[in-house]
Amino acid sequence: MTESIPKTNLLGMSPEKLEAFFAELGEKRFRATQVLKWMHQLGAETFDDMTNISKSLRVKLNQVAEIREPEVVMHDVSKDGTRKWVIRVDGGSCVESVLIPEGDRATLCISSQVGCALDCSFCSTGKQGFNRNLTASEIIGQVRIAIKSFGPMDPAQPRRVTNVVFMGMGEPLMNFENVVSAIKLMMEDNAYGLSKRRVTLSTAGVVPGIDKLIEETDVSLAISLHAPNDELRNQLVPINKRYPIEELIAACNRYLERLNDRRVITVEYTLMAGINDQPVQARELGRLLKRLPCKLNLIPFNPFPNSGYDRPSEDAIAAFKQVMLKAGIMTTVRRTRGAEIDAACGQLVGQVEDRTRRSQKYIPIVQESTV
């Protein structure tokens, strides 16, 4: 009995890889464009849906290839319209993605890894440990799933997802190749056609990845800073011990210089009561950010069980913002969305088969709290 040959999942393939795939089949390269449009603009589930492709080619594709999204195991909608998906990927672990509507915008927050290797102290994802990188098809599949949740895909209709941010589970720059492949599909005219200003990659500060990124794409960049100095950031964001703030700011400035346009870096700063929300820290942050063309996004901490941190008071949030504005830093406060379905920033958990054993150190805390 012969073993069946695994089919190639075309969903995450870049236009170039798809062209090479069809060339290997002895087909013309323009078939790649046809299939791209069917998968990413029209939401085709099978090759049999592709009516402008010959029947003989459809038969061939059904034998060697597939269009396979990750499996949706839960879809929840909050009172404010925020949508959350729990998605099972190969191997059985689950990741989460969130769609946040805001007027005529709809921002999709997607995951790039199963869990996260960085273990930032205030993030629930980090406490789940790390399993593996997502494939390009599992990343772009999140986009397709979100768009299809509104009904059949139709490129003639207004965009259902206007912005995509890599701010879900995982550190995108530690899954570089797959993330870049997915970004290129998002920005590809024959796929999702999103502009470079509407796709944002958020990193905790993987400096070599930032320098490598500009060689591949001109996606917008955000950094998860969360502290105005190395001493505090070492505690909150452990990767800072490898790439301290000075190196991170320098890498961000190099990135902007190579973009050669008027974009700025988005700086994310999670405010935690009594930890990093004091006026003295705001003034220090103001001095730091004057060295970087940026806009500041203040994120009041969203509590989760046994985090050890608390959300600041509204007065503390307002006071911090005022200090930043007086320092000349464009500053906004991110309004909490989807908290009742655990879809707010820092709350994404998923179901991670942890290969790092990191999650074990948190189990006793959880057990003691439930006794």
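Here the structure is a predicted model, which means the values were calculated and not measured. (Residues numbered from 1 in each chain as written. Predicted model: local features only at pLDDT ≥ 70, side-chain atom pairs only at ≥ 80, totals over all residues. Heavy atoms only, no water.)

Undergrad: Which residues make up empty space enclosed by the protein, and what values do they have?
TA: Applying the stated criterion to the full structure yields one cavity of 30 Å³ or more. Its boundaries defined by the atoms lining it, the largest cavity holds a volume of some 30 Å³. Lining the largest cavity are V219, S220, L221, Y255, L256, L259, R263, V264 and I265. Only β11 (220-224) and α8 (245-259) provide two or more residues apiece to the lining of the largest cavity. Residue contributions to the lining of the largest cavity peak at three residues, all from α8. Classifying every residue of the lining of the largest cavity gives seven nonpolar, one polar and one charged. (1 Å grid on protein atoms, 1.4 Å probe; cavity = no way out; pocket = protein on both sides within 12 Å on 5 of 7 lines; lining within 4 Å. Points joined across faces, edges and corners; volume = space filled by probe spheres on them. Helix = DSSP H or I, 4+ residues; strand = E, 2+ residues; numbered from the N terminus. Nonpolar A, V, L, I, M, F, W, Y, C, P; charged D, E, K, R; others polar.)

Undergrad: Just give me the short version of the packing of aromatic side chains, but keep the residues and values in it.
TA: For the structure on display, the rule yields three aromatic pairs. For the pair F21 and F22, a centre-to-centre distance of 5.6 Å together with 85 degrees between the ring planes defines the contact as edge-to-face. A single burial state applies to F21 and to F22, both of which are buried. Arranged with centres 6.0 Å apart and planes meeting at 70 degrees, the rings of F301 and Y309 form a pair that is edge-to-face. Residue F301 shares its accessibility class with Y309, and that shared class is buried. It is R83 that lies over the ring of F150; its NZ or CZ is 4.0 Å from the centre. Directly above the ring of F176 sits K212, whose terminal nitrogen or CZ lies 4.5 Å from the centroid. (Phe/Tyr/Trp six-rings, centres within 6.5 Å; stacked < 30°, edge-to-face > 60°. Buried < 20%, exposed > 50% of the residue type's maximum accessible area, 1.4 Å probe, protein only. Lys NZ or Arg CZ within 6 Å of the ring centre and 35° of its normal.)

Undergrad: Can you explain the environment of L10? Please cite residues and give values.
TA: With respect to the helices and strands, L10 occurs in the loop between β1 (8-9) and α1 (15-24). A residue is classified by how much of its surface remains accessible, and L10, at 0% relative accessible area, is buried. When the C-alpha atoms of L10 and M39 are compared, they prove to be 8.8 Å apart, with 29 residues separating the residues in sequence. For L10, the contacting residues outside a window of four places in its chain are L18, F21, V35, M39, F47, A65 and E66. (Contact = heavy atoms within 4.5 Å.)

Undergrad: Could you give me a rundown of α1, with the residues and numbers involved?
TA: All buried positions along α1 are accounted for by P15, L18, F21 and F22. Angular distribution of buried residues about the axis of α1 spans 120 degrees; they occupy a single face of the element. In α1, the exposed positions that point more than 90 degrees away from the buried face belong to E16, K17 and E24. On the buried face of α1, the contacting elements are β1, α2 (30-40), α3 (55-64), β2 (65-66) and α5 (176-187). Backbone geometry just downstream of α1 places G26 in the positive-phi region, at approximately 80 degrees. (Arc of directions from axis to C-beta.)

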